[in-house]
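Working through the structure, step by step
Take a look at the letters that make up each chain.
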Amino acid sequence: MTKKAFIFDLDGVIVDTAKYHFLAWQNLANSLGISFSSAQNEQLKGVSRIRSLEKILEWGNKTISKEEFTTLMAKKNEEYLNYIDTMDVSEILPDVPRILDFLLTKEQGVALGSASKNARIILDKVQLKDKFHAIVDGTNVSKAKPDPEVFLIGAEELKIQPKDCIVFEDSVAGIQAANIANMVSIGIGDPKILHEADYVFKDFTEIKEEFINQLVTTERN
Ligand code: B16
Ligand code: MG
């Protein structure tokens, strides 16, 4: 049986940091006189920090200098890091440890594939760093999802072919990235939003061990 690699997105899959991104972006947008709703925050899921600020400025019809852009990005991250600082194991989303431990028991590859440059800090905070054989985050990639780069690097680090990789993602861009990479895509969230995924579950409590076993034993081309 071919060994498989399971690649996890971070925000929205392992922890819910979207709420902290929201607070930090909202404060920043409001300080510029731009309103920012939770619906707009949804559209920033899986999107890089640079692209997120560009979108907020577009929504507010605002043009700023390069210097101000850099200052605002740093300011947003500083506030975000203050929220992250309070995180602990209680913020791990339901049944994530059960699935991680099951995969490790079955000797499958386990990687992180996140757009966040703060991924390592967050994994440390929630004490899950040891569960991953490879961590690929915003500091390792040059192209944002839906480009498959983040997942392809994960596959390469684990020395597993893309066709033998399974991706857990909560964002549309992330599902598209997994599909482009010819990996199995598993959406975590709303099936109406994540309809391009091969499978969708509300959260990990819905994922049975038999389903994981089936993914492990199924050979793909
Ligand atoms: P940072 P993921 C993404 O994480 C978030 O979903 C997205 O909202 C955020 O802008 C992006 O990381 C960059 O995060 O500012 O920490 O570098 O879902 O890819 O794990
Ligand atoms: Mg995500």
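What you see is a predicted model; the values in this text were computed from it and never measured.

Points about the overall build of the chain
Along its length, the chain carries nine helices and six strands. In summary, the chain has a C-alpha radius of gyration of 17 Å against a globular reference of 17 Å for 221 residues, a match within 12%. Dimensions along the principal axes, computed over C-alpha positions, put the chain at roughly 55 × 35 × 30 Å. Looking at the chain as a whole, 49% of its 221 residues qualify as buried.

Section: the coordination of the magnesium ion (ligand 2)
Within the protein, the atoms that donate to the magnesium ion (ligand 2) are D9 (OD), D11 (O) and D170 (OD), at distances of 2.0 to 2.2 Å. Spacing between the donor residues of the magnesium ion (ligand 2) along their common chain follows D-x1-D-x158-D. Taken together, the residues D9 in the loop between β1 (5-8) and α1 (18-31) and D170 in the loop between β4 (165-169) and α8 (172-180) connect sequence positions 161 residues apart. For the residue pair D9 and D170, the accessibility class agrees, reading buried in each case.

Observations concerning the pairing of β4
Side chains on a regular strand alternate between the two faces of the sheet. With five of five residues buried, β4 lies mostly within the body of the structure. Burial of the side chains of β4 extends over both faces: C165, V167 and E169 are buried on one face and I166 and F168 on the other. With four bridges joining them, β1 and β4 adopt parallel strand pairing. Following the sheet pairing, F6 is matched in β4 by I166. Of the strand pairs in this sheet, β4 and strand β5 (residues 184-188) are connected by four bridges, and their pairing is parallel. Looking across to β5, one finds that E169 is bridged to G187.

Comments concerning the side chain of N77
You can see N77 is positioned in helix α4 (residues 66-84). Residue N77 is classed as buried on the basis of its relative accessible area, which comes to 11%. Once residues within four sequence positions are removed from consideration, N77 is found in contact with R49 and N118.

Brief notes about the side chain of E149
Position of E149 among the secondary structure elements: in helix α7 (residues 149-158). Here E149 is buried and forms no salt bridge, its nearest opposite-charge partner K143 lying at an N-O distance of 4.8 Å. Here K143 takes part through its backbone nitrogen, which lies 2.6 Å from a polar atom of the side chain of E149. If sequence neighbours within four positions are ignored, E149 has contacts with V141, S142 and K143.

Side note on the domain arrangement of the chain
Per the domain assignment, the segments making up the chain are domain 1 (5-16 + 90-217) and domain 2 (18-84). With centres defined by C-alpha atoms, the gap from domain 1 to domain 2 works out at 25 Å. Between domain 1 and domain 2, the contact holds twelve residues from the first and eleven residues from the second. For the domain 1 and domain 2 pair, buried surface summed over both sides reaches about 1100 Å², with 49% attributable to carbon and sulfur atoms. Together, D11, D16 and N118 form the three largest contributors to the area buried by domain 1 at its contact with domain 2, with a combined 37%. Our enumeration of links across domain 1 and domain 2 arrives at one salt bridge.

Reading guide: rules and limits
Residues numbered from 1 in each chain as written. Chains lettered and ligands numbered in written order. Predicted model: local features only at pLDDT ≥ 70, side-chain atom pairs only at ≥ 80, totals over all residues. Heavy atoms only, no water. Helix = DSSP H or I, 4+ residues; strand = E, 2+ residues; numbered from the N terminus. Rg over C-alpha atoms; globule rule 2.2 N^0.38 Å. Buried < 20%, exposed > 50% of the residue type's maximum accessible area, 1.4 Å probe, protein only. Donors = N, O, S within 2.8 Å, 3.2 Å for Na, K, Ca; no water. Pairing = 2+ DSSP bridges. Contact = heavy atoms within 4.5 Å. Lys, Arg positive; Asp, Glu negative; His and termini not counted. Salt bridge = Lys/Arg side-chain N within 4 Å of Asp/Glu carboxyl O. Polar contact = N/O pair within 3.5 Å; in protein donor to acceptor, adjacent residues only side chain to side chain. Domains from an automatic or database assignment. Buried area = accessible area lost by both parts, 1.4 Å probe.

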